[in-house]
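Observations on the three-dimensional arrangement
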Amino acid sequence: MSDRERPRGTPAKSPWVAWTLTWIAYAVYYLGRKGFSVAKKPIEREYHIGRDALGMIDTGYLALYAGGQLLSGLLGDRIGVRRLIGAGMLLSAALCFGFGVSRTALAMGFFFALNGLAQSTGWPGTTGAMAEWTTPTNRRRVMAWWCTCYQFGGLAATALAAALLRFGWQWAFFVPALIMAAVGFAVYAFLEPGPAAPSVAAPLPPRETAEARRVAIRAALRSPLLYSYGVSYFAMKLIRYSLLFWLPYYLTDELAYPPASAGYLSVAFEVGGIVGVVALGLVADRWKGISRAALSAATLLVLAISLVTYQSVAGQGVVANALGLAFIGFCLFGPDSLVSGAAAQDAGGALAAATATGLVNGVGSLGAVLQGALNAWVSRVYGWHAVFYVFIAFSIAGAAALVPAFRRDVAPSTA
């Protein structure tokens, strides 16, 4: 029996508990994935694991993460997001600990790949919960702030991992494992179904509820709008995960920053992302008649320009580098959050929000899968400048993929 079908008392009237708990939960998920990006160089030096092998460890993680997105979305709409998030965080914690005690590339690849499956529960689960605790009227505004969770999470995870390197790279996995386990238990204990959950908003007999959910899920899986979002998100996630997973390595390998300094400097990317998410989300909320797809496409074109500019300023000192990374983050995270968050939730509706966000994120995560091997090969054969030209091409392609959604993507209140 799912969380939605069993009586658990009346949900809290205030949504702030659910908003805060899911924000913290998804931010903490990042503790379980960012340690490897910061620890790559120390692992390479200590165990003589080559760049291509490091890239394949990324690829294994992201392959299972991509495949798990759709599965997690379907599970979330069937068993309840409380169970999905709680179990996912506890499993990810155990696998991070396993990675920390590993000594070979094979063992690291095994634990990190399974961690990708566990981590895939995060976005469908938390956005599914947020769909239950928001309305079509306030969703753009609320999600504009809520979507800062993965910038703050990435920023905190990078800073924490960089600080823990002084004790040995293993601690960049052990400490996050403990934190994830604690938050996973908290979610399981305190997250309630929201007012928009089917069993609360429009309670039906179990058989009718299950049938209505199946119909909504099938409609989401066939939605051209969601696939347009997904293809664009493919491009965005390829760039985003390239920078999340390789930026500290790039700063060390190409610009000769010490590993800890590279980790701290890379935080500028996520700081800019926080501002971009809030700014673009509030613009979308203020001018509801503007298609979110068109707004996102325009920002992706500016992203392409920012990537060109960054190549000329990256070597001009810490301040110029940080500002360049911050502007890239601003232009990337804004459309990223719009497409994968509120827009996907609205397209899926109350009965299939987790499926919709899981579908968009799953298609997008195929781009994240590609980046591991692609970045390792392009940087080794053609140099890091060529990697940024790849990012520019994908920025333009991501904008083009949203063109079919320009007229379909309107706010529910204005449709």
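Let us look at the structure shown here. (Residues numbered from 1 in each chain as written. Predicted model: local features only at pLDDT ≥ 70, side-chain atom pairs only at ≥ 80, totals over all residues. Heavy atoms only, no water.)

A few words now on the environment of Phe327. Mapped onto the elements of the fold, Phe327 is located in helix H15 (residues 318–340). Since its relative accessible area comes to 41%, Phe327 is described here as partly exposed. Separated by 18 residues in sequence, Phe327 and Thr309 have C-alpha atoms that sit 9.9 Å apart. When near neighbours in sequence (up to four residues on either side) are disregarded, Phe327 contacts Val302 and Ser306. (Helix = DSSP H or I, 4+ residues; strand = E, 2+ residues; numbered from the N terminus. Buried < 20%, exposed > 50% of the residue type's maximum accessible area, 1.4 Å probe, protein only. Contact = heavy atoms within 4.5 Å.)

Taking 1.5 Å of rise per residue, 16 residues should cover 22 Å, and helix H8 (residues 149–164) covers 22 Å from first to last C-alpha, within 8% of that figure. Where H8 is concerned, the buried positions are Cys149, Tyr150, Gln151, Gly153, Gly154, Ala157, Thr158, Ala161, Ala162 and Leu164. (Expected span 1.5 Å × (residues − 1).)

Counted according to the given criterion, the structure contains 33 aromatic pairs. Relative to Tyr65, the ring of Tyr61 has its centre 5.8 Å away and its plane inclined at 10°; by these criteria the two rings are stacked. Taken together, the positions of Tyr61 and Tyr65, both in helix H3 (residues 51–79) and four residues apart, correspond to about one turn of that helix. Aromatic pair Tyr61 and Phe112: ring centres 4.6 Å apart, planes at 25°, arrangement stacked. Pair noted here: Tyr61 is in helix H3 and Phe112 is in helix H5 (residues 105–119), with a separation of 51 residues, a long-range link. Judged by relative accessible area, Tyr61 falls into the buried class, the value being 0%. A connected cluster of aromatic rings, assembled from ring pairs, spans Phe36, Tyr47, Tyr61, Tyr65, Phe99, Phe112, Trp169, Phe173 and Tyr241. A cation over a ring is seen here: Arg33 above Tyr30, with NZ or CZ 4.3 Å from the ring centre. Across the ring face of Tyr188, the terminal group of Arg82 is positioned such that the distance to the ring centre comes to 4.1 Å. (Phe/Tyr/Trp six-rings, centres within 6.5 Å; stacked < 30°, edge-to-face > 60°. Lys NZ or Arg CZ within 6 Å of the ring centre and 35° of its normal.)

Running from N to C, helix H2 (residues 31–47) and H3 point in directions that differ by 165°, and their axes come no closer than 10 Å. Here H3 runs roughly antiparallel to H2, going by the angle between their axes. Judged by the twist between their axes, the crossing of H2 over H3 is right-handed. Residues Arg33, Phe36, Lys40, Ile43 and Glu44 of H2 form the contact with H3, whose own contacting residues are Arg51, Leu54, Ile57, Asp58, Tyr61 and Tyr65. Of the residues that constitute the contact of H2 with H3, the class distribution is six nonpolar, no polar and five charged. (Axes fitted to C-alpha atoms, helices over the stretch in contact; angles between N-to-C directions. Parallel < 35°, antiparallel > 145°, perpendicular 65-115°, else oblique. Left-handed = near helix turned anticlockwise from the far one by under 90°. Nonpolar A, V, L, I, M, F, W, Y, C, P; charged D, E, K, R; others polar.)

Read these as geometric descriptors, not functional statements.
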